[in-house]
Amino acid sequence: MTKTLRHPATVMAAAAILVLAALTFAGGRTPAAALSNGLALTPPMGWNDWNAYGCNVSQSVVEQTAQYMVSSGMKAAGYDYVNIDDCWLEKQRDASGNLVADPTKFPDGIAAVAAYVHALGLKLGIYEDDGTATCSGFPGSLGHEQQDADTFASWGIDYLKYDNCNNNGNIEQSDQAMRDALAATGRPILFSLSEWGQNNVWTWGAQTANMWRTTGDISASFSSMLANFHANVQLAQYAGPGAWNDPDMLEIGNGMTTTQDESEFSLWAEMAAPLIAGTNLQTASAATMSILLNKNVIAVDQDPLGRQGTEVSSSGGLDVLAKPLQGGAVAVVLFNENNAAATISTTAAAAGLPAASSYTLSDLWANSTTSTTGSISVSVPANGVVMYRVTPAGVTSTPTPTPSPTPTATPTRTPSPSPTPTPSPSPTSGTGGATAACTVTYSRQSQWAGGFVANVTVANTGVTSINGWSLGFTFPGDEKVSTVWNATLTQSGTSVTAANLGYNGVISPGGNISFGFQGTWNASDAAPTSFTLNGTTCG
């Protein structure tokens, strides 16, 4: 969000720190040690009201935008967070010290808005600050972390943007206090830090939050977008599944040219950045929507390998970036910062691709396909990009499919607030037990030498609810789990047992739950193939 308190010298100093940090850590990339809440395994996608509405946010704006995200195809494309920024609340807490929504802007309250958004199959985000007051002068969360986290959880909030105004100087400590408060609620709430690229947040952000701002506030100009790109692209080694560098919200549709908008979307996707739209979607042009809905570019951003793209070369305003993708392809962006068209060249080898007889170049904006024996050279328009998915011969690499849209009824105007989590029964007390019918899907979300991130989905294929679950399996290799989310987990040798938490113990017929973990391995990281749920073998 825009803050008049920022001094240009502060921004320049932050940019200098970014460059120094990149030079200091220019060695081999190691995956970020992500916050263990199981969220944001790919970069978050959604919408935020600030760039388009500022303090003029309201219940009607949020609900109508949520409806449009469904009807326009944004939800089907992966945009699932609807985020309320500053100015949603009253200037004073209530007599008990609780935050209170502005009754004029949100007459039905935030819990009702959350229920409305959830009924559309979307998630609701909200804003607070790690200081005594927000950037617009409303009550901050400093000293009220657990109270505010409990309030957000009771309302059904799914995402918290945490700003950095009016803080006490102990920013890392304050942010960690809110991290711990959110975890104590038992509700999965994505945690997003807005540190404006200060305090070396990228060095400690992964242990504290799911994403963190690496830059000052963006504005709807090519120069602002360019500055944020240059700062963020230096920090690839700190990003990974569950932990993302954030160069700020998208300004697509807010005043740049279509070519510049395409450049921003391409660069943000190449950098595995969160894709948070920041325009008035209901009045957005067809060109704006076509950019936001480019499924091929989105697939690069959402690639489950979770690698942030890095610069292969950068000289004279001509940049080449490469982003490894799951399956062996590489996304290559050729970016022309200058005000005149220019030819940009690289090679498949320089982009990190293995030797091959030929390579397929899939142009993600022109929707065309060509081939090369290794050379990649193309005329790039002023301020524009050419973005390729480069696949070596013999490799089949297709984008991760986005979910198909499903019909969703518009919610009624009297939804019930989301309930707070309640304890689930133990596995021995439910109706599932030994009679449970189930299937289990085990998938690697990310993998590297010596480490991995995996996701497990358990589906109830029976006709009765499973009330409390315990899943057992054995690693064929020597994997050791280090962090788990959405479950408790014990490991003895290669034998693993995972069990439900308080909020996800019931699996209804036809329903499923998911949990995940990060681990290490030495000689073998083979995937388990046999699972038992409450003592019964699953398919």
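A.B. asks: How would you sum up the confidence of the model for the protein chain? Please name residues and give values.
C.D. replies: The share of residues in the protein chain with pLDDT of 70 or more is 84%, and the mean pLDDT across the chain is 86. Across residues 1–32 the pLDDT falls below 50, and counting only partners more than four positions away or on other chains, this stretch makes 57 contacts in the model. Within the model, the stretch residues 412–435 combines pLDDT values under 50 with 56 contacts to residues more than four positions away or in other chains.

A.B. asks: Quick rundown of helix 10 (residues 258–270)? Include the residues and the values.
C.D. replies: The first and last C-alpha atoms of helix 10 sit 18 Å apart over 13 residues, in line with the 18 Å expected at 1.5 Å per residue. Most of helix 10 sits out of view: 10 of its 13 residues are buried. Those residues of helix 10 that fall on the buried side of the exposure criterion are Q260, D261, S263, E264, F265, S266, L267, W268, A269 and E270. Count one or two residues on from helix 10 and you reach A272, which has phi positive near 50°.

A.B. asks: Talk me through the packing of helix 6 (residues 145–155) against helix 7 (residues 171–185); I want residue IDs and the actual numbers.
C.D. replies: At a closest axis distance of 8 Å, the pairing of helix 6 and helix 7 adopts a crossing angle of 40°. Compared by their axis directions, helix 6 and helix 7 come out oblique. Our pair here, helix 6 against helix 7, has a crossing hand that is right-handed. Residues E145, Q146, D148, A149, D150 and A153 of helix 6 form the contact with helix 7, whose participating residues are S174, A177, M178, D180, A181, L182, A184 and T185. Taken together, the residues that form the contact of helix 6 with helix 7 break down as 7 nonpolar, 3 polar and 4 charged.

A.B. asks: A description of the state of the cysteines should follow, citing residues and the corresponding values.
C.D. replies: In this structure the tally under the stated criterion is 3 disulfides. Between the sulfur of C55 and that of C87 lies a disulfide, 1.7 Å long from S to S. Taken together, the residues C55 in the loop between helix 2 (50–53) and helix 3 (59–71) and C87 in the loop between strand 2 (81–83) and helix 5 (110–119) connect sequence positions 32 residues apart. By relative accessible area, which is 32% here, C55 ends up partly exposed. Along the protein chain, the cysteines that take part in disulfide bonds pair up as 1-2, 3-4, 5-6, counted in sequence order.

A.B. asks: Tell me what's going on with the sheet that holds strand 20 (residues 470–474), and back it up with residues and numbers.
C.D. replies: Spatially, the 5 strands line up as an open sheet ordered 22-23-20-26-27, and their pairing is antiparallel. Whereas interior strands pair on both sides, the edge strands pair on one side only; in this sheet they are strand 22 (488–492) and strand 27 (536–537). Of the pairings in the sheet, the one linking strand 20 to strand 23 (residues 495–499) comprises 5 bridges and is antiparallel in character. Bridge pairing in strand 23 links F473 to V496.

A.B. asks: Explain the sheet that holds strand 16 (residues 385–392) residue by residue, including any values.
C.D. replies: Ordered by their spatial adjacency, 6 strands build an open sheet running 9-10-11-16-13-14, and the pairing between neighbours is antiparallel. A strand with exactly one partner marks an edge of an open sheet, and here the two such strands are strand 9 (310–315) and strand 14 (368–372). Taken pair by pair, the neighbouring strands of this sheet meet at an average axis angle of 20°, ignoring direction. The pairing of strand 13 (residues 359–363) with strand 14 spans 5 bridges and is classified as antiparallel. Paired with T360 across the bridge in strand 14 is S371. Against the sheet, helix 10 engages strand 10 (318–324), strand 11 (330–336) and strand 16, with an angle of about 140° to strand 11.

Definitions and cut-offs
Residues numbered from 1 in each chain as written. Predicted model: local features only at pLDDT ≥ 70, side-chain atom pairs only at ≥ 80, totals over all residues. Heavy atoms only, no water. pLDDT = per-residue confidence, 0-100. Contact = heavy atoms within 4.5 Å. Helix = DSSP H or I, 4+ residues; strand = E, 2+ residues; numbered from the N terminus. Expected span 1.5 Å × (residues − 1). Buried < 20%, exposed > 50% of the residue type's maximum accessible area, 1.4 Å probe, protein only. Axes fitted to C-alpha atoms, helices over the stretch in contact; angles between N-to-C directions. Parallel < 35°, antiparallel > 145°, perpendicular 65-115°, else oblique. Left-handed = near helix turned anticlockwise from the far one by under 90°. Nonpolar A, V, L, I, M, F, W, Y, C, P; charged D, E, K, R; others polar. Disulfide = S-S within 2.5 Å. Pairing = 2+ DSSP bridges.

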